[in-house]
Amino acid sequence: MAECITNFIKHHCQELASKIDLNNNQKVQATLPLGFTFSFPTHQHAINIGQIKGWTKNFDLPDAIGCDATQLLQHSLNRIGNQYNIQVVAILNDATGTMVKGAYADPTCIAGVILGTGSNVCYLEDIQNVSKWSTRDPCFRDIHSVLINTECGALGDNGCLDSIKTHFDSKLDFQTLFPGSFT
Amino acid sequence: MITSLLEKLGNSTPNGDDTKIVNYIIDIITNRASQLIACTLATFIIHSNRSDKSTIAIDGSLYQNHKHLQVLIQYYIENILILLDSKNGHPNRRRAFELVITEDGSGKGAGIVAALATKLNLAKGSFTF
């Protein structure tokens, strides 16, 4: 699978590079910044550090748990030569990405939602309600809100939704790669 | 479509009753999924408590391709909001909300964030959390 992804990236890098060369005769910028959407739970320590927390949706690569997904992608890019000097500068969740694009198009956007293979919601929270941020140093003083990725696909993993689950749910859940999670 | 689906599942001669049953099951599942999603989204609309409009950006193959699901989610959110508001003593309150399909939101959002990160030079680790 890794090889398949690598080839895909390689192919698209070449396509992109040819587009840049066509549209723009100037020299290509020294580095090409890349934003990486990663649709799995991560511990995000910085804008470009996303430590993989676990897998969902019938993907399972146990060796990668605890690794930084940004670094993994950067290493893979470097391994295939990274001819165009691509730098992975940001990692974000797909719901977060949707919210960012939604807010870019319409400032009244309050939430980003994914309804595809899995489901997830991210929303805009008042920073006053986030103790981890509001009590920190003065550089956060001018920031009023923060995006919270709820990973709400996992709602009910602790049993709080058991009352509405049917035996069809349990049967289906049992056949997934991770029974009991993200049902 | 349902006939071909049943044939794929091994029922070589599906009759009218079979397709009706499958149709019914699909209806129930869609309805239940819409209610679950509407509950979640209504909670966020109430939590954000905007006096103007609340826009929700949605991406994902299921929502984009399932027109009936879109209508149902909209319908259930409206009803849940009215129900919760009247429970809290505001029976006439009508919150304005809009569900917007954000095509390739996750990819383009990542592009916007990458552009911002480069511009603000965030990637140097000066802004860790």
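Rules used in this analysis
- Residues numbered from 1 in each chain as written.
- Chains lettered and ligands numbered in written order.
- Predicted model: local features only at pLDDT ≥ 70, side-chain atom pairs only at ≥ 80, totals over all residues.
- Heavy atoms only, no water.
- Contact = heavy atoms within 4.5 Å.
- Buried area = accessible area lost by both parts, 1.4 Å probe.
- Salt bridge = Lys/Arg side-chain N within 4 Å of Asp/Glu carboxyl O.
- Polar contact = N/O pair within 3.5 Å; in protein donor to acceptor, adjacent residues only side chain to side chain.
- Helix = DSSP H or I, 4+ residues; strand = E, 2+ residues; numbered from the N terminus.
- Expected span 1.5 Å × (residues − 1).
- Pairing = 2+ DSSP bridges.
- Core = buried A, V, L, I, M, F, W, Y, C linked by side-chain atoms within 4.5 Å.
- Buried < 20%, exposed > 50% of the residue type's maximum accessible area, 1.4 Å probe, protein only.
- Disulfide = S-S within 2.5 Å.
- Phe/Tyr/Trp six-rings, centres within 6.5 Å; stacked < 30°, edge-to-face > 60°.

Novice: Looking at this model, I keep getting lost on the interface of chain B and chain A. Mind explaining?
Specialist: Often, the extent of an interface is quoted as the loss of accessible area upon association of its parts. Between chain B and chain A, the residue contacts involve 41 residues of the former and 44 residues of the latter. In this assembly, chain B packs against chain A so that about 3,400 Å² is buried in total across both faces, 70% of it on carbon and sulfur atoms. Linking chain B to chain A there are two salt bridges. Between Asp169(A) and Arg32(B) there is a salt bridge, with the nearest N and O atoms lying 2.7 Å from each other. The interface formed by chain B and chain A includes 14 residue pairs in polar contact (both at pLDDT 80 or more). Taken together, the elements giving at least two residues each to the side of chain B that touches chain A come down to helix H2 (16-48), strand S1 (54-59), helix H3 (61-65) and helix H5 (105-120) of chain B. If you tally residues by element for the side of chain B that touches chain A, the top one is H5(B), at 11 residues.

Novice: Would you mind going over H5(B) with me for this structure?
Specialist: Counting along an α-helix, one turn takes 3.6 residues, and residues three or four places apart therefore face a common direction. Here H5(B) contains 16 residues, and its C-alpha end-to-end distance of 22 Å stays within 8% of the 22 Å for a straight helix at 1.5 Å per residue. In the core, the buried residues of H5(B) are packed alongside strand S1 (32-37), strand S4 (86-92) and helix H3 (94-105) of chain A together with S1 of chain B. One or two steps after H5(B), the chain reaches Asn121(B), where phi turns positive at roughly 55°.

Novice: I keep staring at the pairing of strand S6 (residues 119-126) of chain A and nothing clicks. Help me out?
Specialist: The side chains of a regular strand alternate, residue by residue, between the two faces of the sheet. All names here are of chain A. Inspection of the sheet shows strand S5 (residues 109-115) paired to S6 by five bridges, in the antiparallel sense. When the bridges of S6 are listed, Val-113 appears paired with Val-121. Once S5 ends, the chain turns through three residues before running back antiparallel as S6.

Novice: Whenever I open this one, the pattern of salt bridges confuses me. Can you help?
Specialist: A side chain of one charge can pair with a side chain of the opposite charge when the charged atoms of the two come close. The full count for this structure, using the stated rule, is five salt bridges over all chains. Salt bridges sharing common partners tie together Asp106(A), Lys53(B) and Glu98(B).

Novice: Where do I start with the nonpolar core in this structure?
Specialist: Soluble globular proteins: nonpolar side chains tend toward being buried together. Formed by 25 residues in total, the largest nonpolar core has its most connected members in Leu41(B), Ile56(B), Ile58(B), Ile73(B), Ile77(B) and Leu99(B). Residue assignment for this core shows that the elements contributing at least two residues are S5 and S6 of chain A together with H2, S1, helix H4 (67-87) and strand S2 (97-101) of chain B. The element contributing the most residues to this core is H4(B), with seven residues. Among residues more than four places away in sequence, those in contact with Leu41(B) are Val113(A), Val121(A), Ile56(B), Ile58(B), Ile73(B), Ile77(B) and Leu99(B). With 13 residues, the next largest nonpolar core counts Phe40(A), Leu73(A), Ile86(A) and Val88(A) among its residues.

Novice: Teacher, can you tell me more about the environment of Gly109(B) here?
Specialist: Residue and element names in this part refer to chain B. Considering the arrangement of structural elements, one finds Gly-109 in helix H5. Overall, the relative accessible area of 0% leaves Gly-109 in the buried class. When the C-alpha atoms of Gly-109 and Tyr-76 are compared, they prove to be 28 Å apart, with 33 residues separating the residues in sequence.

Novice: So what exactly am I meant to see when it comes to the state of the cysteines here?
Specialist: By definition, a disulfide links the sulfur atoms of two cysteine residues through a covalent bond. Using the criterion set out here, one finds zero disulfides over all chains in the structure. Unpaired in terms of disulfides, Cys109(A) finds its nearest cysteine sulfur in Cys122(A), a separation of 8.2 Å. Cys39(B) forms no disulfide, and the closest cysteine sulfur to it belongs to Cys152(A), at a distance of 12 Å. Classification of Cys39(B) by relative accessible area gives partly exposed; the value is 41%.

Novice: Can you help me understand the packing of aromatic side chains in this one?
Specialist: Both the distance between ring centres and the angle between the ring planes are used here to describe each pair of aromatic rings. Applying the stated criterion across every chain, the model contains four aromatic pairs over all chains. Arranged with centres 5.7 Å apart and planes meeting at 55°, the rings of Phe36(A) and Phe38(A) form a pair that is tilted. Ring centres 4.9 Å apart and planes at 45° place the aromatic pair Tyr123(A) and Phe44(B) in the tilted group. Note that Tyr123(A) is positioned in strand S6 and Phe44(B) in helix H2, a pairing that runs across two chains. We classify Tyr123(A) as buried; its relative accessible area is 12%. Among the aromatic residues, those joined into a ring-pair cluster are Phe36(A), Phe38(A) and Phe40(A).

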